[in-house]
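# Summary of structural features
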Amino acid sequence: MSALHLAPEAPRPEPARPLHALARVSFGPVPLDFDRLVAELPAVQSGLALAGGADLELRLACTGPEELRAVSAALLRAGAAHVHVDLVLRALVPARPTLRPVP
């Protein structure tokens, strides 16, 4: 009789995140904890602390519209006074300059 051995479970692949957006967040009475947001919301890719109309801009990569709505709701529950979301249609990257020999 042979012994039964359990193999470790293979890691599950991360879901695709084809929906990109920028969330501009205005703080409520208490500033949001960016590190906690990143830990709790996998859609948050990076952020910028701002001075001006918004306090925080988050770069989001979501699995779809449902996750985007869930992230917006989570930001409001975390204490944001206002969340404005813009969808990213395409990334604009400057073209590299063409170097020409000097005559």
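Please refer to the structure placed before this passage.
Residues numbered from 1 in each chain as written. Predicted model: local features only at pLDDT ≥ 70, side-chain atom pairs only at ≥ 80, totals over all residues. Heavy atoms only, no water.

## A short note on the overall build of the protein
How we decide: Strands are runs of DSSP state E lasting at least 2 residues, helices are runs of H or I lasting at least 4, and numbering of each runs from the N terminus. The rule is simple: take the accessible area with a 1.4 Å probe, protein chains only, and divide by the maximum for that residue type; under 20% is buried, over 50% is exposed, in between is partly exposed. Between two residues, a contact is recorded if the distance between any of their heavy atoms is within 4.5 Å.
Helices and strands together make up the secondary structure of the protein, namely 2 helices and 4 strands. In sequence order, the protein lays out its α and β elements as β-α-β-β-α-β. Burial analysis of the protein (103 residues in total) assigns 25% to the buried set. Partitioning the intrachain contacts of the protein with sequence separation of at least 6 by distance along the chain shows that 68% fall at a separation of at least 24.

## Overview of the pattern of salt bridges
Working definition: two side chains of opposite charge can pair if their charged atoms are close together. What counts here: A side-chain nitrogen of Lys or Arg and a carboxyl oxygen of Asp or Glu constitute a salt bridge if their distance falls within 4 Å.
Under the counting rule described, the total for this entry stands at 3 salt bridges. A salt bridge links Arg-24 to Glu-57; its shortest N-O distance comes to 2.9 Å. You can see Arg-24 sitting in strand S1 (residues 19-27) and its partner Glu-57 sitting in strand S3 (residues 56-62), a full 33 residues away along the chain. Exposure remark for Arg-24: the relative accessible area of 32% places this residue in the partly exposed category.

## Topic: the environment of Pro-29
Checked against the element boundaries, Pro-29 lands in the loop between S1 and helix H1 (34-40). Taking the relative accessible area as the measure of exposure, Pro-29 reaches 85% and is therefore exposed.

## Considerations on the environment of Val-44
With respect to the secondary-structure elements, Val-44 resides in strand S2 (residues 44-49). The sequence separation of Val-44 and Arg-59 amounts to 15 residues, and the corresponding C-alpha distance is 6.0 Å. Apart from residues no more than four positions distant in its own chain, Val-44 is found in contact with Phe-34, Leu-37, Val-38, Leu-58, Arg-59 and Leu-60.

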